[in-house]
Amino acid sequence: MKDFFKYANKKLENVKFANKTKILIFTIFGGTILIGFLMFISIFALKYDFEALFVNLTKPQVKLEEIKDIYQVNIKETLSAIKENQISKAEGIEVLSLAEQIIKKQWREYKAEENEKIGGLPEFASNWLNFFLLQRDKTQKTVFEQRIIQNIEKKIKSINKKTQVIISLLNTKKSIKNKKIINDTILETNSINIYLSTLITNNLMHAISKKEANDRLFNTSTMMLVFLISLSFIFIILVSITIINNFKELHYSLEENIDKKTKELRALNISLESRISKEVENSRKKDSIMFQQARLASMGEVLQNIAHQWRQPLGTLMMIIQSFQSKYEVGKLNENFLNQSVDDALKIGQNMSDTLDDFKNFFMPNRAKQTFDVKKAIEKSISLSKYQLEKDEIKLDFMPSKAIKTYGFKNELIHVVLNLINNSKDILLSRPNIGEKKILIILKQTKQKIIINVIDNGGGVKNDIITKIFDPYFTTKHKSIGTGIGLYMAKQLVERHMLGKIYCKNIKYKFGKKEFYDSAMFSVELPIEGTTS
Amino acid sequence: MNKRNLDILGNFNILYIEDEPELLRHTATVLEDFVQKIFPTLSCKEALEIIQKNRVDIILTDINLKHENGIEFLKELKFELGYNIPSIVTTAYTDTEYLIDAIKLKVEDYIVKPINIKDLLNSIHDVLLPIAQEKEIKKSYNMIRTISAVTDGKQVELVKFILKNLDDESMFNYSYGDIMNQIDVSKPTVIKFFRQLSQKGILTKIQNRKYFFNENSLPDPGEEIDCEI
Ligand SMILES: Nc1ncnc2c1ncn2[C@@H]1O[C@H](COP(=O)(O)OP(=O)(O)O)[C@@H](O)[C@H]1O
Ligand SMILES: [Mg+2]
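Residues numbered from 1 in each chain as written. Chains lettered and ligands numbered in written order. Predicted model: local features only at pLDDT ≥ 70, side-chain atom pairs only at ≥ 80, totals over all residues. Heavy atoms only, no water.

Student: How would you explain the site of ligand 1 if you had to name every residue and give the values?
Tutor: Residues and elements named next belong to chain A. Looking at ligand 1, there are 20 residues lining it, with Thr475, Thr476, Lys477, Thr483 and Gly484 nearest. With respect to ligand 1, the side chain of lysine 477 contributes an N or O atom lying 2.6 Å from an oxygen atom. A distance of 2.9 Å separates an oxygen atom of ligand 1 from a polar atom in the backbone of leucine 487. For ligand 1, whose unbound accessible area comes to 540 Å², protein coverage reaches 96%. Going through the elements one at a time, helix 9 (410-429), helix 10 (486-497) and strand 7 (517-527) are the ones with two or more residues in the shell around ligand 1. (Near = heavy atom within 4 Å. Polar contact = N/O pair within 3.5 Å; in protein donor to acceptor, adjacent residues only side chain to side chain. Areas by Shrake-Rupley, 256 points an atom, 1.4 Å probe, with all protein chains shown as cover. Helix = DSSP H or I, 4+ residues; strand = E, 2+ residues; numbered from the N terminus.)

Shown next, in the form of structure tokens:
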């Protein structure tokens, strides 16, 4: 049994759930239909058998009894009465001919009834069931029965003839001769009655046997029904159990699956969490690396500035030193020259030292917030990029308002503005036919905020990239000059550290001239109270 | 390199263009001890005015000037204004871009900043030397012409002939007859002149028809000429 379930389960594994239900319903339905059908068949067959028993075997007996009675009472007794002359001739004739007629009619009816077909569904059911149960039809008339019937018919005819003779004789009133023929007829009447009795008995026997067959049929079909019902019950139960079992199995496996999946999900969740925290860590690291890179990049630019700002005074210093030797050789190294030159050299040296301090302050920022003047910070950015701008013949104007004090990281603001100036410088250099190259920085203050606008006539930012320029590593420049970090870093600094905003717009700007230039305007908005809160 | 005689610089005027005022001033104070006159200037425009008003023998200019370019200025001077003044450029970079321009322009020399004053003076000297020499040769030639105007013309002709026909080893391979065939001069004059020369050790007879001309025995003419060619 277990093996069977295993086997069935295996088979059913591949069957869809809906199909399984269909199988179950189909089985129950099929079983019910089968049982119902069989019940109907049996009922109809029983009805047929009953009717056959009644119509073919019982009803005709009444006719036979009647015929027998008529022979006994009407013919035999009338003949006896005629013989004894107890009745008149006319009465005798009338009774006899009436009796003859009734007998004829009754015999006809008997035969008709005996052979009457029941037909319809019951007969079909009976035949079908008989065929099904391998029972032969026992209603066939036996040879014996047929001979009796033939004899009875012969006797009826001869009695009839004799009665006719008697009637005609009675009509002619020859009474003596009649006595012999009457006796004959009475004898024959007796014999036909015996035949009739035999037929009746035979028929009764037949009915009994038929009833027995009927009983058997009933038994068999009952058994059959019981068997079928129990079979379909067993089958239904079997199928149900199998399918339920399968369902259970399925349920278990589903539960198991769900359990497994839940566990997997939980594990995934945990690993995701750790992965996310790792990624966050990574991106933080990446950010700080990028900041480093950006610092290095602008350090490069500023270094170039410093280098140039150093190279010039260095050259002068070296010249002054050499001049001592040279003057000495030509004998003109006097006190006046010495004092003048040393003064100059010291001044130059001091200047160089200041430049270096600028650089140092910018790149080794004290991370402490301080109160500072935004205007001065912007001026520092400009001075840090001054050399490059001069070299590339870019005119930078600064339109400051009065001094604006704020609180925060000064160096970061210097850095941001420096980045914007460098970007403007790059775009202006990439356009050789632009004519006069201009950058304008405007600083203003409203009630709520400080606004720094950096405008250049480099043509603006192309519309298809304007949404991306603040993304990390987005650059349109050759990799030797572009890193794509500048604006990203500026945005991080402005939004995170200064709690401000930075954005870009393409505008038309006059730069104090008549014509309008296509220009990019980068704006930095800072909260007026700085980052005290 | 030998130590140059920087005295020749004393006859020349130099124009110096440099946009860095401090450097200009200090370099000028050094240079003014060596040259006749120095014109220091911050811009090309001023420089042009100076050139038009003064004699300028050599130009010293920085390449990277404020809003200007020294090479461009030199080009303009040479090709548009027709001045042919030797020039030296100074540059803070070993910029090949400018270097090629400089070579095309036949700039005489270039100095990489920071300026080494000795290198600068040497460079100026080297540029000016041929000019100084040319001046000297012209002077000598004039002197000879003056001498020949007041002394015997035949002797001058003989000197010319000897110097012209010296071979690579300073040998003179002619007989008196050969000389007389070539120039119109009498035999006694030739003999007398040759004797005079051999007495002073200038012309030594090695064998027949072969004389050695001793350059070092020539007397000092009283004027110094830098002979470091
Ligand atoms: N003033 C400007 N005008 C036009 N385009 C600009 C300007 N500033 C920045 N951009 C564009 O934004 C891009 C990103 O700038 P940035 O983040 O500073 O990186 P990078 O300068 O290294 O390319 C630049 O490559 C350039 O295409
Ligand atoms: Mg940038």
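Student: An account of the pairing of strand 2 (residues 37-41) of chain B is needed here, citing residue identities and associated values.
Tutor: All names here are of chain B. Both strand 1 (residues 13-17) and strand 2 contribute to a ladder of 5 bridges, which runs parallel. Looking at the pairing, asparagine 13 lines up with lysine 37 of strand 2. On the question of chirality, the crossover connecting strand 1 to the parallel strand 2 by way of helix 1 (residues 21-31) is right-handed. (Pairing = 2+ DSSP bridges. Right-handed = clockwise from strand over helix to strand, strands pointing away.)

Student: Tell me about the sheet that holds strand 2 of chain B, and please be specific about residues and values.
Tutor: Residues and elements named next belong to chain B. One open sheet accounts for 5 strands, arranged 2-1-3-6-7; its pairing is parallel. Two strands bound the open sheet, and with one partner strand each, they are strand 2 and strand 7 (109-112). Neighbour-to-neighbour, the strand axes of this sheet turn through a mean angle of 15°, independent of strand direction. Pairing analysis gives 4 bridges linking strand 3 (residues 58-62) to strand 6 (residues 87-91), with the strands arranged parallel. When the sheet's bridge partners are listed, aspartate 62 is paired in strand 6 with threonine 90. Running over the sheet, helix 1 touches strand 1, strand 2 and strand 3 and is turned about 175° from strand 2. (Axes fitted to C-alpha atoms, helices over the stretch in contact; angles between N-to-C directions. Contact = heavy atoms within 4.5 Å.)

Student: Outline the side chain of Gln492(A), listing residues and values.
Tutor: Residue and element names in this part refer to chain A. Along the chain, glutamine 492 turns up in helix 10. Given the relative accessible area of 12%, glutamine 492 is considered buried. Here glutamine 492 is in contact with Asp287, Phe291 and His497, once residues within four sequence places are set aside. (Buried < 20%, exposed > 50% of the residue type's maximum accessible area, 1.4 Å probe, protein only.)

Student: Give a detailed account of the pattern of salt bridges, specifying residues and quantitative values.
Tutor: All names here are of chain A. Overall, the coordinates contain 27 salt bridges over all chains when judged by the stated rule. With a shortest N-O distance of 2.9 Å, lysine 508 and aspartate 518 are connected by a salt bridge. Placement of the pair is lysine 508 in strand 6 (residues 501-509) and aspartate 518 in strand 7, with a sequence separation of 10 residues. Given a relative accessible area of 56%, lysine 508 falls into the exposed group. Residue aspartate 518 is classed as partly exposed on the basis of its relative accessible area of 41%. (Salt bridge = Lys/Arg side-chain N within 4 Å of Asp/Glu carboxyl O.)

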